[in-house]
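Working through the structure, step by step
The chain contents come next:
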Amino acid sequence: MTLDWPGQRPTMLRTFTVLLFCIRLSLGMTSIGQLPKPIFWIQAETSPLPGCNVNILCHGWLQDLVFMLFKEGYAEPVDYQIPTGTVAIFSIANMTPESEGVYICRTHIQMLPTLWSEPSNPLKLIVAGLYPKPTLTAYPGPIMAPGESLSLRCQGPIYGMTFALIRLEDLDKSFYRKRPIKNEAYFFFRALKIHDAGHYLCFYYDGSYRGSLLSDILKIWVTDTFPKTWLLAQPSPVVQMGQNVSLWCQGPVDGVGLALYKKGEDKPLQLLDTASTDDDESFFLNNVTYSDAGIYSCLYLLSWKTSIRMTSHNTMELVVVDKPPKPSLSAWPSTVFKLGKAITLQCRVPHPVLEFSLEWEERATFQKFSVDGDFIISNAEGKGTGTYSCSYRIEAHPNIWSYRSEPLRLMGPAATGFLTWNYVLNEAIRLSLFMQLVALLLVVLWIRWKCRRLRIREAWLLGTAQGVTMLFIVTVLFCCGLCNGVLTEETEIIMPTPKPELWAETNFPLAPWKNLTLWCRSPSGSTKEFVLLKDGTGWIATRPASEQVRAAFPLGALTQSHTGSYHCHSWEEMAVSEPSEALELVGTDMLPKPVISASPPIRGQKLQIRCKGWLAGMEFVLYKEGVQEPVQQLGAVGREAFFTIQRMEAKDQGNYSCRTHTEKRPFKWSEPSEPLELVIKEMYPKPFFKTWASPVVTPGARVTFNCSTPHQHMSFILYKDGSEIASSDSSWASPGASAAHFLIISVGAGDGGNYSCRYYDFAIWSEPSDPVELVVTEYYPQPTLLAQPGPVVLPGKNVTLRCQGAFPGMRFALLQEGNQVPLQFQSTSGNSADFLLHTVGAEDSGNYSCVYYETTMSNRGSHLSKPIMIWVTDTFPKPWLFAEPSSVVPVGKNVTLWCQGPVRGVGYILHKEREATSVQLWGSTSNDGAFPITNISGASIGRYSCCYHPDWTSPIKIQPSNTLELIVTGLLPKPSLLAQPGPIVAPGENMTFQCQGELPDSTFVLLKEGTQEPLEQQKPSGYRADFWMPAVRGEDSGIYSCVYYLDSAPFAASNHSDFLEIWVTDKPPKPSLSAWPSTMFKLGKDITLQCRGPLPGVEFVLEHDGEEAPQQFSEDGDFVINNVEGKGIGNYSCSYRLQAYPDIWSEPSDALELVGAAGPAAQECTVGNIVRSSLIVVVVVALGVVLAIEWKKWPRLRTRDSETDGRDQTIALEECNQEGEPGTNTSSPSSVSQETSVELPVPI
């Protein structure tokens, strides 16, 4: 980016302006003068405002130097230091305007005060926040194309200031321009580039370097193409004539106007300026007519000229109708019913609708409703066949239904009865086995009776084959488990949309009828809207769902018109829920009657009776039929109460009911609930119930419940929250234990809850199984899991895992990796739960996580917490310290030191050798700790190590990591690097790298590209180090370099040597050979063979099969081949050799064949082709003649064959009749021979 000033040449700041935003700037160094120029930079600690503490660091290149800090305007140094190392730290505490100015740093040798270094680069300190903030604007606009010019104007209220411009994406570059007369500055961009886009701000300061506040951020876009926009219609793209519609245009670019266009019109219909788009205004069409129908689009509207192209945009079609158009109706999988299968009718339109309706022409009263347009039709007792049609209505006009779709007819069998697939399969197999036995018996009897002479050999073979076939079929069926039905079917659970909850609230507990509000809440997070109905007919009201997935329906003061039965539905994108439990409003004298329920009573066990009311703050009373006084009473405990019978006995059987009343007198009572009969029955033991995987699942997961019992021939029922949702019939053909698998293919947010199962036979039921809490996660925010006192625990000690959630009143579950079932559950009134692991051992080590969920609405749970690893040991594991991208870093670059270990939730501490202070990173929640070092300088070099730093008192031992040497390059002249015997070495041979430096008493470091650590270090006595690599292998191939540093200034290294690429191979890699333009010669054209290798500085040679000497040599690898007299065709290959090593040749390339004519190129039809073509014609003509002759002979051959067949059939019948006549002597050989000699015809 280049900034120009009016009337001046482009200038890049040669001195650095530093705001005290705790931003670190590192300046370069030169080597001119008696001592090297020191490096000078700043460290800011806390704040950019006055009072900030600032550390100015000066780095020299020798030990025992005297560091002097000078300030512009002062002859004497303002501070000096004699540090033990090579870095001096000058501290400015409590920054004030007097501390502002330009600073430099110089060094000199303590014993030679006249030997000074060059001055460092100047450092300018400015304190921000003393003047009002300026305004920053862009001309002609904030969105421009690459190559266009842009001007940024920074304007303040005070004249004679210096202005500075900052780009947040590149804080190291600041540009300024003094305007001593006016109160503004212009920053010009002559030719914008893509990387100039970003967020800009500006400030100004006076001659004493006291600065202003920062301006507001201005975002600059540099693009050649605008991103797409999209257009939405509210409330719907299908609008009735005379109604209003809003068109919302949205896109990713802010601060730009918008224009609405209609297809077929050149000018925009409406315009929205920048202020309107910022206020989320939309295009408005009032009182639409048929002329407003059409295809609309919106584009960005710029108030300045630019070459930015407008891309293709999304369009929206607006339909204006007096009645919505008819939908389409289809059937899946087909329109014909199959045995035991249902058909889904799909009603579709291309725009959003409020509701679909399905009509059945054979039944005038039949009508189904659906939100997603899917209707499931079964053919039970043959009542599903017939003609169907559908219609819909949109949200904007809920009273207007569309035209009906084209009729669709469903066909199928008259009745399916109660046949199941398992029953039909078993019966079919039994019937097939019976038919096999009968067929075998009939075949044997027929063979013995009809043709007795076949009984010895052929009958035995046929019977054996039939028996073996039957045995094979029976064995296969038995092994597959189909003969006796031992395969257990999976019963798919068709989950209805979760039933919502309906209740009432009031502001007057003593007189609830004065102001009553009905609330509807859904357990499904995908609920879009709620609908309240009264007496099952008529739509009362609709409300969109809030963030808590509930909606309020205020009724106000209760009147006679409000009396009736209410229930609500929740609507999702694809379905509508079952109705909630009905709420009866009977007037102002009586409260709505509650709902009573209980699980089946079991003798000798505790039983809870649930009484659910409709208003909060009511008291509950339980009654038993035949007893005048209440059995139990409970105070105000919310909208429901649980009455407990501690031990169920015969005396506790009977009919129960409950009532609610207001908390204070005079009591207002509800109607009694419906009676609940409690009868103790003889029961089987409870079944074994579990899930095949963890009961804590994510949405969309597959869940299988397994319910089993040792009893035989049982049927199973699956319950969710006490309600039956699925069943599985018994299989009488299967011996042994009974089991049922209930499957949820894709779990939704409303599928969570408490599941249980029971089994039964004709009249006896089992006890309910232990419940399984199915938790569907990813609905609430993620909790945090912490270990107290820490994640590393001594064996035999206790550790507490605290799970912190976001909402109170939730239930928490603790999970351990490797265990399917949660370890612990806990319900709390707060928003956290503590799980105690008592006397932990080695088996308790592992990853733990937690989740919280609500128990009232389908166990909707949170995201799983991040796992925490618990270590049961007496010593912390050793971490590992490494540098990224490498521990050898050029000066001015960035590097990150990573301290990585397996223990999470523990802080790390970074130590530097010979320094008392340590860099710390507290509370790291990741698997590693990062210590970034930006703009690296000589002060960063040294030896580093790290270790864990727990923030709790623990006797556990801590081990330090490995030692990392951080080397900074670019401070000394670069060395040279050679390889002996050469860059290409055979595997198993020895190799030596020779690194030649410029200074003695140096340490040399060998580096390889792609490795983070140096390969080897040496301290030779001279100027050269030899790195010996014995028995090299293929993985030693790569790119090498070396650096060196003085022993007096360790780790302040030279520039990298030139890179040297090493190949470990017997021969250089083979090249590739290709032909241009093709491998086939054309008339008068040559072919160029291109040989390419991976190494530079080589010579190529081309070889032609059949020639002993190489044909051509080339340095660029291109060989021109002609086909004079057909000598160019054949197989070619190429190889190469290094010019530095002419005796080593590479492997030859893969052979490449060139093809073409053998003779002159003009002869396109050769003699061989003419001969072959003539031969083909002769063969075809000969085949035609043969076929014609045979066709003429066909009638005569057919007559002769029919006569012969007749004589053969007559002889065969006479022979069979003679054998079947009684008294015929079939054993006489003479008679047989006579008959045979007379009757048998001579075959033709």
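Along every chain, residues carry numbers that run from 1 in the direction the sequence is written. Under the rules for a predicted model, residues below a pLDDT of 70 receive no local features and side-chain atom pairs below 80 are neither given nor counted, while totals for whole chains, interfaces and linings still include all residues. Calculated side-chain values reflect all of the structure's heavy atoms, with hydrogen atoms and water omitted.

In the nomenclature of an unreviewed UniProt entry, the chain is known as Immunoglobulin superfamily member 1 of Lynx canadensis.

1. A short note on the overall build of the chain
Counting its regular elements, the chain contains five helices and 92 strands. Burial analysis of the chain (1244 residues in total) assigns 41% to the buried set. Excluding contacts between residues fewer than 6 apart, the proportion of contacts in the chain whose partners are at least 24 apart in sequence is 65%. Summed over its atoms, the accessible surface of the chain is roughly 66700 Å², and 55% of this surface lies on carbon and sulfur atoms. Starting at the N terminus, helices and strands are each numbered in turn, a helix being any DSSP run of H or I of at least four residues and a strand any DSSP run of E of at least two. Exposure is judged per residue with a 1.4 Å probe applied to protein chains only, and the accessible area is read against the type maximum: over 50% gives exposed, under 20% gives buried, and values in between give partly exposed. We call two residues contacting when some pair of their heavy atoms lies within 4.5 Å. Methods summary: accessible areas were calculated by the Shrake-Rupley approach with a probe of 1.4 Å, and residue burial reflects only the protein chains presented.

2. Notes on unusual backbone geometry
With omega at 10 degrees, the peptide bond leading from Glu884 into Pro885 counts as cis. Mapping Pro885 onto the fold places it in the loop between strand 70 (880–884) and strand 71 (888–890). The step from Trp1076 to Pro1077 runs through a cis peptide bond, and the omega angle for that step is 5 degrees. When you line up the elements, Pro1077 lands in the loop between strand 86 (1072–1076) and strand 87 (1087–1092). At Thr839, a residue that is not glycine, the phi angle is positive and equals roughly 50 degrees. Along the chain, Thr839 falls in the loop between strand 66 (832–837) and strand 67 (846–853).

3. Details of the sheet that holds strand 35 (residues 408–410)
A sheet is described by the order of its strands in space; here four strands give the open sequence 32-31-34-35, paired in antiparallel fashion. Strand pairing shows two members of the sheet lacking a second neighbour, strand 32 (363–370) and strand 35, which therefore form its edges. Neighbour to neighbour, the strand axes of the sheet diverge by 30 degrees on average, direction disregarded. In short, DSSP must find at least two bridges between two strands for them to pair. Of the pairings in the sheet, the one linking strand 34 (residues 386–393) to strand 35 comprises three bridges and is antiparallel in character. Considered in strand 35, the bridge of Thr387 is made with Arg409. Only C-alpha atoms enter the line fits that serve as axes; for helices the fit covers just the stretch in contact. Angles between N-to-C directions range over 0 to 180 degrees.

4. Examining the environment of Leu1060
Mapping Leu1060 onto the fold places it in strand 85 (residues 1060–1064). Residue classification places Leu1060 among the buried positions, given a relative accessible area of 19%. With 81 residues separating them along the chain, Leu1060 and Ala979 place their C-alpha atoms 8.1 Å apart. Look past the residues within four positions of Leu1060 in its chain and what remains in contact with it is Leu977, Leu978, Ala979, Phe993, Gly1038, Ile1039 and Tyr1040.

5. Remarks on the pairing of strand 81 (residues 1002–1008)
Counted residue by residue, strand 81 has seven buried out of seven residues, so it is predominantly covered. Burial along strand 81 is two-sided: Ser1002, Phe1004, Leu1006 and Lys1008 facing one way and Thr1003, Val1005 and Leu1007 facing the other are all buried. Sheet topology places strand 81 next to strand 84 (residues 1038–1046); seven bridges connect them, and they run antiparallel. Opposite Leu1006, over in strand 84, you have Cys1042 as the bridge partner. Alignment of strand 81 against strand 82 (residues 1016–1018), held across three bridges, turns out to be antiparallel. Bridge pairing links Leu1006 to Glu1016 in strand 82.

6. Focus on the pattern of salt bridges
Salt bridges are defined by distance alone: a side-chain nitrogen of Lys or Arg within 4 Å of a carboxyl oxygen of Asp or Glu. Following the criterion strictly, the structure yields 23 salt bridges and no others. For the salt bridge of Arg1033 with Glu1035, the shortest nitrogen-to-oxygen distance reads 3.0 Å. Judged by its relative accessible area of 52%, Arg1033 is exposed. In this structure, a network of salt bridges that share partners links the residues Arg521, Glu854 and Arg860.

7. Some remarks on empty space enclosed by the protein
Throughout, the protein atoms alone are placed on a 1 Å grid, and a set of points is a cavity if a 1.4 Å probe fits but cannot get out or a pocket if it is open with protein on both sides within 12 Å along at least five of seven lines; lining residues have an atom within 4 Å of a point. Grid points are joined across faces, edges and corners, and a volume is the space filled by probe spheres set on the points. Using the criterion set out here, one finds four cavities of 30 Å³ or more in the structure. Taken as a whole, the largest cavity spans an internal volume of roughly 100 Å³. Together, 13 residues line the largest cavity, and Leu516, Leu558, Leu585, Leu591 and Pro592 are the ones closest to its centre. Each residue gets one of three labels, nonpolar for Ala, Val, Leu, Ile, Met, Phe, Trp, Tyr, Cys and Pro, charged for Asp, Glu, Lys and Arg, and polar for the others, Gly among them. Residues of the lining of the largest cavity, tallied by class, amount to 11 nonpolar, two polar and no charged.

8. A word on a nonpolar patch on the surface
Only residues whose relative accessible area exceeds 30% and that form no salt bridge enter a patch; like-charged residues are grouped when within 9 Å of one another, and nonpolar side chains (Val, Leu, Ile, Met, Phe, Trp, Tyr) when within 5 Å. Among the surface-exposed residues, Val1177, Val1181, Val1185 and Ile1189 lie close enough to one another that they form a single nonpolar patch of about 340 Å² accessible area. In this structure, Val1177 sits in helix 4 (residues 1167–1220).

9. Regarding the environment of Arg1033
With respect to the helices and strands, the residue Arg1033 is situated in the loop between strand 83 (1024–1029) and strand 84. Between the C-alpha atom of Arg1033 and that of Pro987, which follows or precedes it by 46 residues, the distance is 5.1 Å. Within 3.5 Å is the distance limit for a polar contact, defined as a pair of N or O atoms, with the added protein rule that one can donate a hydrogen and the other accept it, and that residues adjacent in sequence qualify only through two side-chain atoms. Within the structure, Arg1033 has its side chain in polar contact with the side chain of Glu1035 (distance 3.0 Å).

10. Points about the nonpolar core
Residues grouped as a nonpolar core are buried Ala, Val, Leu, Ile, Met, Phe, Trp, Tyr and Cys residues, joined through side-chain atoms within 4.5 Å. In terms of nonpolar packing, the biggest core is built from 46 residues, with Leu152 and Leu247 touching the most fellow members. Ignoring anything within four residues of it in the chain, the contact list for Leu152 reads Leu136, Thr137, Ala138, Leu165, Ala185, Tyr186, Phe187, Phe189, Tyr200, Leu218 and Ile220. With 39 residues, the next largest nonpolar core counts Cys899, Ile933, Leu964 and Leu1007 among its residues.

11. Examining the packing of aromatic side chains
Any Phe, Tyr or Trp ring, taking Trp's six-membered ring, that has another such ring centre within 6.5 Å forms a pair; planes under 30 degrees apart are called stacked, those over 60 apart edge-to-face, and the others tilted. The tally for this structure, following the rule as stated, stands at 24 aromatic pairs. Seen from their ring centres, Tyr186 and Phe188 are 6.2 Å apart, and the 20 degrees between their planes marks the pair as stacked. Residue Tyr186 is classed as partly exposed on the basis of its relative accessible area of 26%. Phe188 sits in the partly exposed class, given a relative accessible area of 26%. An aromatic cluster is present here, built from Tyr779, Tyr780, Phe807, Phe812 and Tyr852 joined pairwise through their rings.

12. Notes on the state of the cysteines
Only a pair of cysteine sulfur atoms within 2.5 Å counts as a disulfide in this structure description. What the rule picks out here adds up to 11 disulfides. Bridging Cys347 to Cys390, the disulfide has an S-S length of 2.1 Å. Judged by the torsion about the S-S bond (75 degrees), the Cys347/Cys390 disulfide is right-handed. A residue pair is termed long-range when its members are at least 10 positions apart, and Cys347 in strand 30 (residues 343–348) and Cys390 in strand 34 qualify at 43 residues. Pair check on accessibility: Cys347 and Cys390 agree, each one buried. With a sulfur-sulfur separation of 2.0 Å, Cys899 is cross-linked through a disulfide to Cys946. The disulfide joining Cys899 to Cys946 has a torsion of about 85 degrees about its S-S bond and is therefore right-handed. Within this pair, whereas Cys899 is found in strand 72 (residues 895–900), its partner Cys946 is found in strand 76 (residues 942–949), the two being separated by 47 residues in sequence. Across the pair, Cys946 and Cys899 agree in class, each one buried.

13. Observations regarding the side chain of Ser1057
Mapping Ser1057 onto the fold places it in the loop between strand 84 and strand 85. A polar contact is formed between the side chain of Ser1057 and the backbone nitrogen of Cys1042, at a distance of 3.0 Å. The contacts of Ser1057, once residues within four sequence positions are left out, are Pro975, Ser976, Leu977, Ser1041 and Cys1042.

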